[in-house]
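Per-entry structural report
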Amino acid sequence: MLWIHSDSFHRPSLLLLFSFIHLCFQLESILLEMQDPKIGVKGTEQKLNISTIPHVIAGNDIIAWISNKMKTSTEEAQAFGTMLVAYGYIYPLQNHKKLVMCNDSSLYRFQTPYFWPTQKWVPDDSDYGIFTLLLHAVCLCFKQAHYNHLHEWLNHKWDFIVMQATEQYKAGKERKKPDRVVFDCQERAYWMVNRPPVSLSNSNMFYQQAIMRSKVKSSVSLGALVKYITTYKNHDPFLASCLPSNPWQTDHDAYWTLNMRRVEVPTKMRVERWSFSLFELLSDLRGRDDFKIFLKKEFSGENLAFWEAAEELKWGTASSMSTKAETIFKTFLAPGAPRWINIDGRTMGLTVKGLEHPHRYVLEAAQTHVFMLMKKDTFFRYLKSPTYKDIQKKALNPEQHNFSPANLEQNALNRSPGIHPIILWQQEEEEKAKVAAASAPVDVKAMMSKIDRKK
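This structure is a prediction, so every number in the text was calculated from the model and none was measured. (Residues numbered from 1 in each chain as written. Predicted model: local features only at pLDDT ≥ 70, side-chain atom pairs only at ≥ 80, totals over all residues. Heavy atoms only, no water.)

Helix and strand counts for the protein stand at 22 helices and 4 strands. Look at the contacts in the protein between residues 6 or more apart in sequence, and 63% of them connect residues 24 or more apart. Within the structure as shown, the protein displays about 30,400 Å² of accessible surface, and the carbon and sulfur contribution to it stands at 59%. (Helix = DSSP H or I, 4+ residues; strand = E, 2+ residues; numbered from the N terminus. Contact = heavy atoms within 4.5 Å. Areas by Shrake-Rupley, 256 points an atom, 1.4 Å probe, with all protein chains shown as cover.)

In structure tokens form, the structure reads like this:
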């Protein structure tokens, strides 16, 4: 036995890695025996969808060979066979999504050594995108929702993926049909085991984009962080008090009234926040309305209108997606459009081509381009304009509506408890009964009989 005394090998990740590699080599040695023409599992040719596929083996034959070789029970042999399928050494021909070994006549094939785990063939998201497009082109079993998700995930290199998939599709047409079917099954089996996780796909894209960015000095990044904290410290609910008062503590709703989404006169803090960035301005509907007034005076409101239309397409319903995309194209992108936007030719070409098969993020590139145009030019002109200065003068100061601590405390003490919902429901039912009795027709004969009885 080999003993290693280095401290670095005490890490669990390294021990697990070496254990996995050792296990893979043991599995592959058994697989080589299984494929031996003399002592291995006997394979035959099998017709599958008109094509003849060579070296096909049945699940019960594999389990019988494992049981005889390892002197184990059928259940243990089946569990070992399922492990071989789960690791991608054997793949099913009929049910690709069911990665288990069945003890019946289900058909399997040995995976080519090129796709074995010990080859350290790292799965790349571009290769997965190319495989998915080829699968969609061959059998049309790829749903539109999955296509939209893939396009969003790999949008930064979509042209390269489409080009590679087209070339591989042309090369596949030149192969013989049995070879093409075998190769497709092998690649599909590989991606069933090694496909990138869906939940991490977006984060992987962000990590890649972050790595591609140029590095900055720590002093620069710390300076930006200090600047951000200094800018937002008066607007942070954990660092600054709620002005004019916290409605949950004082039962006074002035805070909600002053900060309604489209209030006529906003507060000074709200107007100040608009100057932080264009994103802050557009996120506030009241600020966006004020920005529209400025753009209308300058006859340049088409950029903001296109940005809003792209937001509606992104967050709208799927049923109205095609109609909205067509309307956006006719209004902003078509030659001679009434509100044509000025974007570069490459972005315009990609956007118009994407609108042939619209999805939620088809306008992402054009929307980002328009946003940057407004951020670099229009936004700074708005901050210097009379429109913004006038709203600054009219803005309300929340501190003027503040109360003394004694009044706030007394208001909280005078708070009356709420009425129980069951009591409210009973009162509503009684009111309904009274209204129904008052509106019901009067029975004259019943009234006369009651009078006679009293006499």
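Take the packing of helix α2 (residues 59-70) against helix α3 (residues 74-86) next. Relative orientation of the contacting elements α2 and α3 amounts to 115°, with a least axis distance of 8 Å. In terms of orientation, α2 and α3 fall into the roughly perpendicular class. Seen from above, α2 lies across α3 with right-handed handedness. In this structure, α2 uses Ile 63, Ile 66, Ser 67 and Met 70 to contact α3, whose residues at the interface are Thr 74, Ala 77, Gln 78, Phe 80, Gly 81 and Leu 84. When the residues that make up the contact of α2 with α3 are grouped by side-chain class, the tally is 6 nonpolar, 4 polar and no charged. (Axes fitted to C-alpha atoms, helices over the stretch in contact; angles between N-to-C directions. Parallel < 35°, antiparallel > 145°, perpendicular 65-115°, else oblique. Left-handed = near helix turned anticlockwise from the far one by under 90°. Nonpolar A, V, L, I, M, F, W, Y, C, P; charged D, E, K, R; others polar.)

Further remarks concern helix α15 (residues 302-315). Between its first and last C-alpha, α15 extends 20 Å over 14 residues, near the 20 Å set by a 1.5 Å rise per residue. The buried fraction of α15 is high, at 10 of 14 residues. For α15, the full list of buried residues reads Asn 303, Leu 304, Ala 305, Phe 306, Trp 307, Glu 308, Ala 309, Ala 310, Leu 313 and Lys 314. Packed against the buried residues of α15 are α13 (278-283), α14 (285-297), α16 (321-333) and α18 (364-383). (Expected span 1.5 Å × (residues − 1). Buried < 20%, exposed > 50% of the residue type's maximum accessible area, 1.4 Å probe, protein only.)

Note that soluble globular proteins tend to have their nonpolar side chains buried in a common cluster. Core analysis: the largest hydrophobic core is formed by 36 residues, its most contacted members being Phe 291, Phe 306, Leu 333 and Leu 363. If you list the elements that add at least two residues to this core, you get α12 (268-274), α13, α14, α15, α16, α18 and α19 (386-394). Those residues in contact with Leu 363 that lie beyond four places of it in its chain are Phe 306, Ala 310, Leu 313, Ile 328, Leu 333, Thr 351 and Leu 355. In terms of nonpolar packing, the next biggest core, distinct from the first, is built from 20 residues, Leu 31, Leu 84, Cys 102 and Phe 110 among them. (Core = buried A, V, L, I, M, F, W, Y, C linked by side-chain atoms within 4.5 Å.)

Residues of the protein with pLDDT of at least 70 account for 62%, and the chain-wide mean is 75. Throughout residues 1-15 the model reports pLDDT below 50, and contacts reaching past four residues in sequence, or to other chains, amount to 6 contacts. Within the model, the stretch residues 198-203 combines pLDDT values under 50 with 5 contacts to residues more than four positions away or in other chains. (pLDDT = per-residue confidence, 0-100.)

With that out of the way, let us pick up the packing of α14 against α19. Remark: α14 packs on α19, axes separated minimally by 9 Å, with the N-to-C direction vectors making an angle of 145°. Residues Arg 286, Asp 290, Ile 293, Phe 294 and Lys 297 of α14 form the contact with α19, whose own contacting residues are Thr 387, Tyr 388 and Ile 391. Of the residues belonging to the contact of α14 with α19, the class tally is 4 nonpolar, 1 polar and 3 charged.

Topologically, Leu 93 is positioned in the loop between β3 (90-92) and β4 (107-110). Linking Leu 93 and Ile 57, residues 36 residues apart in sequence, is a C-alpha distance of 9.9 Å.

What follows concerns the packing of aromatic side chains. For the structure shown, the criterion picks out 8 aromatic pairs. Between Phe 291 and Phe 294, the aromatic rings sit 6.4 Å apart at their centres with planes inclined by 20°, giving stacked as the arrangement. Of this pair, Phe 291 and Phe 294 are both found in helix α14, 3 residues apart, which corresponds to roughly one turn of the helix. Accessibility classification places Phe 291 together with Phe 294 in one group, the buried group. By way of ring pairs, the aromatic residues Phe 291, Phe 294, Tyr 382 and Tyr 388 are connected into one cluster. (Phe/Tyr/Trp six-rings, centres within 6.5 Å; stacked < 30°, edge-to-face > 60°.)

Mapped onto the elements, Thr 378 comes out in helix α18. For Thr 378, the residues in contact, after removing those within four places along its chain, are Phe 291, Phe 294, Leu 295 and Leu 373.

Turning our eyes to something else, we now look at the pattern of salt bridges. Within this structure, the stated rule accounts for 11 salt bridges. Glu 308 is paired through a salt bridge with Arg 288; the nearest N and O atoms lie 3.2 Å apart. Of this pair, Glu 308 sits in helix α15 while Arg 288 sits in helix α14, and the two are 20 residues apart along the sequence. Among the residues examined, Glu 308 registers a relative accessible area of 16% and is labelled buried. One salt bridge connects Arg 381 with Asp 377, and the closest N-O pair in it is separated by 3.1 Å. Within this pair, Arg 381 and its partner Asp 377 are both found in helix α18, separated by 4 residues, close to a single helical turn. Classification of Asp 377 as partly exposed rests on a relative accessible area of 40%. Overlapping salt bridges, with partners in common, bring together Arg 288, Lys 292 and Glu 308 in one network. (Salt bridge = Lys/Arg side-chain N within 4 Å of Asp/Glu carboxyl O.)

Here is the key point about a regular strand: its side chains alternate between the two faces of the sheet. Side chains of β4 alternate between two faces, with Leu 107 and Arg 109 and Tyr 108 and Phe 110 buried alike. In this sheet, β4 lies alongside β3 in antiparallel orientation, the contact comprising 3 bridges. Following the sheet pairing, Ile 90 is matched in β4 by Phe 110. (Pairing = 2+ DSSP bridges.)

Moving on, we get to a nonpolar patch on the surface. Together, Leu 222, Leu 225, Tyr 228 and Ile 229 give the surface a local cluster of nonpolar side chains, amounting to about 420 Å² of exposed area. With respect to the helices and strands, Leu 222 occurs in helix α9 (residues 218-232). (Patch = residues over 30% accessible without salt bridge, like charges linked within 9 Å, V, L, I, M, F, W, Y side chains within 5 Å.)

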